[in-house]
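Given next are the chains, with one letter for each unit.
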Amino acid sequence: MNNDNTFPFRLAAHAALAWFAAALGTAAMAAPTVDQARQWSAACANCHGPAGKAPAGSPVPGLAGRPQSYLVEQMQAFKAGTRDATVMQQIAKGYTDEQITAIAAWFASVK
């Protein structure tokens, strides 16, 4: 038997911490929303044009309407350093795989 009078409080504190950690883990695993993907993709507009629609004659490719799988593949290649680029390797490293997938889905949906 435990004679420590703080035992119930420590038990409650551990239970609360476990619940909080589980809640954070669930929130972190939630799929990105369309609005989040659209907001993340706004950073791409400086080079790839608004909504991924590059201006005619641009040396930088447009992203709008391209297949999601293609966009994910290219971003993963940039992230891994297996595709040459000027700045895309650094940019791609700033996104999680889930963010890359969500951004690619958003660009694929733009017509």
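In the annotation of an unreviewed UniProt entry, the entry for the protein chain reads Cytochrome c553, and the organism field reads Cupriavidus gilardii J11.

The description of an aromatic ring pair rests on the distance of the ring centres and on the angle between the ring planes. The full count for this structure, using the stated rule, is one aromatic pair. On the basis of an interplanar angle of 70° and a centroid distance of 5.3 Å, the ring pair of Trp-106 and Phe-107 is categorised as edge-to-face.

Outside of glycine, negative phi angles account for most residues, and trans bonds account for most peptide bonds. A positive phi is found at Ala-51, a non-glycine position, where the angle reads about 55°. Mapped onto the elements, Ala-51 comes out in the loop between α3 (45–48) and α4 (68–80).

Moving on, we come to the packing of helix α2 (residues 34–41) against helix α6 (residues 97–109). Packed helices, taken two at a time, are described by the angle their axes make and the gap between the axes. Packing of α2 against α6 brings their axes to within 8 Å, and their N-to-C directions diverge by 90°. It follows from the interaxial angle that α2 and α6 lie roughly perpendicular. Contact residues: Val-34, Ala-37, Arg-38, Trp-40 and Ser-41 in α2; Gln-99, Ala-102, Ile-103, Trp-106 and Phe-107 in α6.

Between α4 and α6, the shortest axis-to-axis distance is 8 Å and the interhelical angle comes to 140°. Here α4 is positioned oblique relative to α6, judged by the angle of their axes. Relative to α6, α4 is oriented so that their crossing is right-handed. Each of Gln-68, Leu-71, Val-72, Met-75, Gln-76 and Lys-79 in α4 lies in contact with α6, whose residues at this interface are Asp-97, Ile-100, Thr-101, Ala-104, Ala-105, Phe-107 and Ala-108. A breakdown of the residues in the contact of α4 with α6 according to their chemical character gives eight nonpolar, three polar and two charged.

In this section: the side chain of His-48. Structurally, His-48 is set in helix α3. Ignoring sequence-local partners within four residues, the contact set of His-48 consists of Lys-53, Ala-54, Val-60, Pro-61, Gly-62, Leu-63 and Met-88.

What the rule picks out here adds up to two salt bridges. Among the salt bridges present, the one from Asp-35 reaches Arg-38, with a minimum N-O distance of 3.4 Å. Note that Asp-35 and Arg-38 are positioned in helix α2 at a spacing of three residues, about one turn of the helix. Classification of Asp-35 by relative accessible area gives partly exposed; the value is 45%. Among the residues examined, Arg-38 registers a relative accessible area of 39% and is labelled partly exposed.

Conventions adopted
- Residues numbered from 1 in each chain as written.
- Predicted model: local features only at pLDDT ≥ 70, side-chain atom pairs only at ≥ 80, totals over all residues.
- Heavy atoms only, no water.
- Phe/Tyr/Trp six-rings, centres within 6.5 Å; stacked < 30°, edge-to-face > 60°.
- Helix = DSSP H or I, 4+ residues; strand = E, 2+ residues; numbered from the N terminus.
- Axes fitted to C-alpha atoms, helices over the stretch in contact; angles between N-to-C directions.
- Parallel < 35°, antiparallel > 145°, perpendicular 65-115°, else oblique.
- Contact = heavy atoms within 4.5 Å.
- Left-handed = near helix turned anticlockwise from the far one by under 90°.
- Nonpolar A, V, L, I, M, F, W, Y, C, P; charged D, E, K, R; others polar.
- Salt bridge = Lys/Arg side-chain N within 4 Å of Asp/Glu carboxyl O.
- Buried < 20%, exposed > 50% of the residue type's maximum accessible area, 1.4 Å probe, protein only.

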